[in-house]
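Letter by letter, the chains look like this.
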Amino acid sequence: MVILGIETTCDETAAAVVRRTPDGRGRILSNVVLSQISEHAEFGGVVPEIAARAHVEALDHIIAKAMNEAKVSFRALDGVAAAAGPGLIGGVIVGLTTAKAIALSHDKPLMAVNHLEAHALTPRLTDGVPFPYCLFLASGGHTQILGVRGVGDYVKFGGTLDDAIGEAFDKTAKLLGLGYPGGPLVEKEAAQGDPQRFALPRPMSGRRDADFSLSGLKTALRLEAEKIAPLSDQDVADLCASFQQAVVDVIKDRLRNGLRMFRLRIGPPNALVCAGGVAANQAIRKVLHRVAFEIGAELVAPPPALCTDNGAMIAWAGAERLVLGLTDPLDFAPRARWPLDEVTKAAEKALVR
Ligand code: KG4
Ligand code: ZN
């Protein structure tokens, strides 16, 4: 089974071709990603209108490149998958409409893939992880703790009430004048800083749920910075180190609860899987290892290029759905908001029918 996957929900224009063999293994035939980071850098974050225009300009070429590298023709495809949300709606429309056009003109099935579902299924493409497993997804747009029980069968144990973790790193970097994207820059500064110098809060810690709230932490950091302004290089490093330590502590507390909920509701997980750009952070990686070790589970981290947004994960999710007959009509509407439990409900209905 050979599937074309298209991703345009945020600031990456991406297309990939993935083959799924009957034994359930995946092979990436091509994976082309064009990052728009430089176009958004001066604004310190992704600008939706700029993103949508950039997708329109780039997508045809990116798809052609992916098809060429994979050495397949549209006719040889078994299906076309596109991320149909959640995400910035302008970009989602660009990707989904393009996928529909290819599906219609070549008479192929369309899979309108949920972007979060694609992140959730990636460890099956990269590592063949069996269900069920726990996913910690942390990027610039998402922060979720998910139980993955099967294709189209997800349970959300925790999410963020305000900022995503990557977004909190980006806003911290912006506040301290470090640049964009902020995560790697804050991590670099933190390596030179004192994590104990500023007593920042650990929002939500100690609560029984597995939710996150990061906007208060950002405000606390701003107040500390204002108190000691103008900031020396060492002040900036200490602020970054204290911020990163607070995030690490919050993740440890929240994830422990999430895993507890997982065990109660589903049983022991086969693995703890991390995805999203934030998982590149070494201090966060370390705490994920520790939490996984505590429950005797393995930490699975797909390679960074497949943890961040890409077309291969969309193609793979499309393949996993097509095998089960979960295809979508050509009038499927793009969605800015699309929680995973709605995917679960829709799949239940389709599979029962
Ligand atoms: O998954 P991703 O590449 O894109 C989406 O958000 O969709 O994640 C990017 C996010 C940014 O917010 C970036 O600051 C954050 O991941 N990030 C990091 C690190 N590297 C990237 N956050 C903390 N530490 C890092 N080393
Ligand atoms: Zn993503």
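It should be emphasised that the depicted structure is a prediction, and the values quoted were computed from it without experimental measurement.

What counts, and where the lines are drawn
- Residues numbered from 1 in each chain as written.
- Chains lettered and ligands numbered in written order.
- Predicted model: local features only at pLDDT ≥ 70, side-chain atom pairs only at ≥ 80, totals over all residues.
- Heavy atoms only, no water.
- Helix = DSSP H or I, 4+ residues; strand = E, 2+ residues; numbered from the N terminus.
- Buried < 20%, exposed > 50% of the residue type's maximum accessible area, 1.4 Å probe, protein only.
- Contact = heavy atoms within 4.5 Å.
- Pairing = 2+ DSSP bridges.
- Axes fitted to C-alpha atoms, helices over the stretch in contact; angles between N-to-C directions.
- Parallel < 35°, antiparallel > 145°, perpendicular 65-115°, else oblique.
- Nonpolar A, V, L, I, M, F, W, Y, C, P; charged D, E, K, R; others polar.
- Domains from an automatic or database assignment.
- Buried area = accessible area lost by both parts, 1.4 Å probe.
- Salt bridge = Lys/Arg side-chain N within 4 Å of Asp/Glu carboxyl O.
- Polar contact = N/O pair within 3.5 Å; in protein donor to acceptor, adjacent residues only side chain to side chain.
- Expected span 1.5 Å × (residues − 1).
- Near = heavy atom within 4 Å.
- Donors = N, O, S within 2.8 Å, 3.2 Å for Na, K, Ca; no water.

Caption draft 1: Focus on the overall build of the protein. Helix and strand counts for the protein stand at 12 helices and 10 strands. Viewed in the frame of its principal axes, the protein has a C-alpha envelope of about 65 × 45 × 30 Å. Considering the protein as a whole, with its 353 residues, one finds that 54% of them fall into the buried category. Counting contacts in the protein only where the partners sit at least 6 residues apart, residues at least 24 apart contribute 74% of the total.

Caption draft 2: Local environment of the sheet that holds strand 8 (residues 153-159). The mixed open sheet is built from 5 strands, whose spatial order is 8-7-6-9-10. Of all strands in the sheet, those with a lone pairing partner are strand 8 and strand 10 (298-300), marking the two edges. Here the average twist between neighbouring strands, direction ignored, is 25°. Bridge count between strand 7 (residues 143-150) and strand 8: 6 bridges; the pairing is antiparallel. Pairing of Val148 across the sheet is with Tyr154, part of strand 8. Sheet strands in contact with helix 4 (residues 115-127) are strand 6 (133-138), strand 7, strand 8, strand 9 (271-275) and strand 10, and its direction is about 120° off that of strand 6.

Caption draft 3: Up close: the packing of helix 4 against helix 11 (residues 311-323). Put simply, helix 4 and helix 11 touch, their axes get as near as 8 Å, and they point 85° apart. Of the possible angle classes, the one that applies to helix 4 and helix 11 is roughly perpendicular. Residue-level contacts link His115, Glu117, Ala118, His119, Leu121, Thr122, Arg124 and Leu125 of helix 4 to Ala312, Met313, Ile314, Trp316, Ala317, Glu320 and Arg321 of helix 11. Residue classes in the contact of helix 4 with helix 11 are distributed as 8 nonpolar, 3 polar and 4 charged.

Caption draft 4: Local environment of the domain arrangement of the protein. When its domains are assigned, the protein resolves into domain 1 (2-127 + 305-352) and domain 2 (133-301). Look at where the C-alpha atoms of domain 1 and domain 2 centre, and you get two points 27 Å apart. In this assembly, 26 residues from domain 1 lie in contact with 20 residues from domain 2. When the area that domain 1 buries against domain 2 is broken down by residue, the three leading residues are Leu116, Cys307 and Thr344, summing to 24%. Summed over the shared surface of domain 1 and domain 2, the number is 0 salt bridges. The interface formed by domain 1 and domain 2 holds 6 residue pairs in polar contact (both at pLDDT 80 or more) in total. Of all the secondary structure elements, the ones that give two or more residues to the side of domain 1 that touches domain 2 are helix 4, helix 11 and helix 12 (340-352).

Caption draft 5: Structural view of helix 11. With 13 residues, helix 11 should reach 18 Å at 1.5 Å per residue; the first-to-last C-alpha distance of 19 Å fits that figure. Turning to helix 11, its buried residues number three or more, namely Gly311, Ala312, Met313, Ile314, Ala315, Trp316, Ala317, Gly318, Ala319, Glu320, Arg321 and Leu322. Between the side-chain oxygen of the N-cap and the backbone nitrogen of Ala312 there are 3.0 Å, and the N-cap of helix 11 in question is Asn310. Remark: Gly325 follows helix 11 within two positions and exhibits a positive phi of approximately 80°.

Caption draft 6: Structural context of the environment of Ala246. Here Ala246 lies in helix 8 (residues 233-265). Owing to a relative accessible area of 0%, Ala246 belongs among the buried residues under this scheme. Separated by 46 residues in the primary sequence, Ala246 and Leu200 have C-alpha atoms spaced 6.6 Å apart. Here Ala246 is in contact with Leu200, Pro201, Arg202 and Leu217, once residues within four sequence places are set aside.

Caption draft 7: Representation of the site of ligand 1. Around ligand 1, the structure places 18 residues, and the nearest of them are Gly140, Asp170, Glu187, Gly277 and Asp309. Here an oxygen atom of ligand 1 sits 2.7 Å away from a polar atom, N or O, in the main chain of Gly140. A distance of 2.9 Å separates an oxygen atom of ligand 1 from a polar atom in the backbone of Gly277. Every element with two or more residues in the shell around ligand 1 is listed here: helix 5 (165-175) and helix 6 (182-190). Of the residues belonging to the shell around ligand 1, the class tally is 4 nonpolar, 10 polar and 4 charged.

Caption draft 8: View of the coordination of the zinc ion (ligand 2). Bound to the zinc ion (ligand 2) are the protein donor atoms His115 (NE2), His119 (NE2) and Asp309 (OD), situated 2.1 Å from the metal. Sequence spacing of the donors to the zinc ion (ligand 2): H-x3-H-x189-D. With His115 in helix 4 and Asp309 in the loop between helix 10 (304-307) and helix 11, the pair connects residues that are 194 residues apart, well separated along the chain.

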